[in-house]
Amino acid sequence: MGIEFRTRPGVTYLTEGGQETEVMYAHGFDLPEFAMYPLLDQPDAVAALRDMYARYLATAARHGFGVLMAGLDYRASPGWAGRLGLSSSQLAAVQLRCIDFLRDVAEPYAADLPDVRVAGAVGPRGDAYGADDTITAQEAQEYHGEQIATLARAQVDLVEAMTFNNVAEAVGVARAGAAAGLPVSVSFTLDSSSRLATGPTLREAIEAVDAQAGDDRPAFFGINCSHPFEFQPAIEPGDWFERVRLLRPNAALADKAALCTLGHLEAGDPVQLGELMGDLARRHPHIDLWGGCCGTWDTHLDQIAVRVGEARREVDPPG
């Protein structure tokens, strides 16, 4: 069995929303290679990030949710950092700054939150929305191992691999996490066919990763960067879905790559998104980690927390 990620019993957790789309379109900052960590060298950008995370943390506190925080190091892997001219030592230093930022911004809210967990965000080696099916599990383990080794130094609670669409790469990142002694979550993104871009269904991908990773399998799985209308058809009956603990939907049903390049925020309908998440919480009470992806931030997170909170109280009423 893989390394477990144990949360506090009875606590539901809220992740952040789509950091990149929020900081680009609501605050007007450019992201070279879609990387957020260069913003740490810009005082005005750091102020905007602090404001963003304060709104997120206040939302979680208001609804009694714990938090699973990540977000600045999604592109902090060797290939992407190399495009920005960073050496391995410079990349490691900036990763540690990313995690320090999260801990620092959460500290004022710690007394108001039932639990605070910090994750390192790991993105795919290539295009998150294309069918990059050339990477092998061994190559993925070696590639992602560098970033994950630094996350182990930072003593994060979880490696949160997001926007993956390739079974072999997911196996590699799970093995790299196990080698570093860290639990790993793998979130797949689904396209309009309700499948991974590389072809398999969500069920097929999860079962394949578990089978191939064996004792190094991920702690759990998730879905991110897909709208509920895309991923709901992929939820087939069966014990396999108990392995999914995290849902981070996009705000709008639109082309994923376009959401990051449109030049404006596609916020969709936050109320409808909250209702869809609440319905999923009723049908799948084992899911304990909720948040958002492209186009979402505190307005969407508030609606998700309202509806998921209602659902959780119906399933497990207080007292």
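Note that the coordinates shown come from a computational prediction; the quantities given were computed from them, not determined experimentally.

Thresholds applied
Residues numbered from 1 in each chain as written. Predicted model: local features only at pLDDT ≥ 70, side-chain atom pairs only at ≥ 80, totals over all residues. Heavy atoms only, no water. Helix = DSSP H or I, 4+ residues; strand = E, 2+ residues; numbered from the N terminus. Expected span 1.5 Å × (residues − 1). Buried < 20%, exposed > 50% of the residue type's maximum accessible area, 1.4 Å probe, protein only. Contact = heavy atoms within 4.5 Å. Polar contact = N/O pair within 3.5 Å; in protein donor to acceptor, adjacent residues only side chain to side chain. Salt bridge = Lys/Arg side-chain N within 4 Å of Asp/Glu carboxyl O. Disulfide = S-S within 2.5 Å.

Novice: Requested: an account of helix α11 (residues 298-315), with residues and values cited.
Specialist: Look at α11: 25 Å from first C-alpha to last across 18 residues, which is about the 26 Å you get at 1.5 Å a residue. Buried residues of α11: His 300, Leu 301, Asp 302, Gln 303, Ile 304, Ala 305, Val 308, Gly 309 and Ala 311, and no others. On its buried face, α11 sits against β1 (13-15), α2 (43-62), α10 (270-283) and β8 (289-290).

Novice: So what about the side chain of Thr 189? Which residues, and what values?
Specialist: Tracing the backbone shows Thr 189 in the loop between β5 (184-188) and α7 (202-213). There is a polar contact of 2.9 Å between the side chain of Thr 189 and the backbone oxygen of Cys 225.

Novice: How would you explain the pattern of salt bridges if you had to name every residue and give the values?
Specialist: By the definition in use, this model includes 22 salt bridges. A salt bridge links Arg 97 to Asp 41, with the nearest nitrogen and oxygen atoms 3.0 Å apart. Pair noted here: Arg 97 is in helix α4 (residues 88-106) and Asp 41 is in the loop between α1 (19-26) and α2, with a separation of 56 residues, a long-range link. Among the residues examined, Arg 97 registers a relative accessible area of 37% and is labelled partly exposed. Ionic pairing is found between Arg 243 and Asp 210, a salt bridge with its closest N-O pair at 2.8 Å. One end of the pair, Arg 243, is in the loop between α8 (228-231) and β7 (244-248); the other, Asp 210, is in helix α7, and 33 residues separate them in sequence. Accessibility assignment for this pair places Arg 243 and Asp 210 in one class, buried.

Novice: Give a detailed account of the state of the cysteines, specifying residues and quantitative values.
Specialist: This structure, assessed with the given rule, holds zero disulfides. Cys 98 carries a free sulfur, and the closest cysteine sulfur to it, the one in Cys 293, is 17 Å from it. A residue is classified by how much of its surface remains accessible, and Cys 98, at 1% relative accessible area, is buried. With no disulfide partner, Cys 293 has as its closest neighbouring cysteine sulfur the one in Cys 225, 4.0 Å distant.

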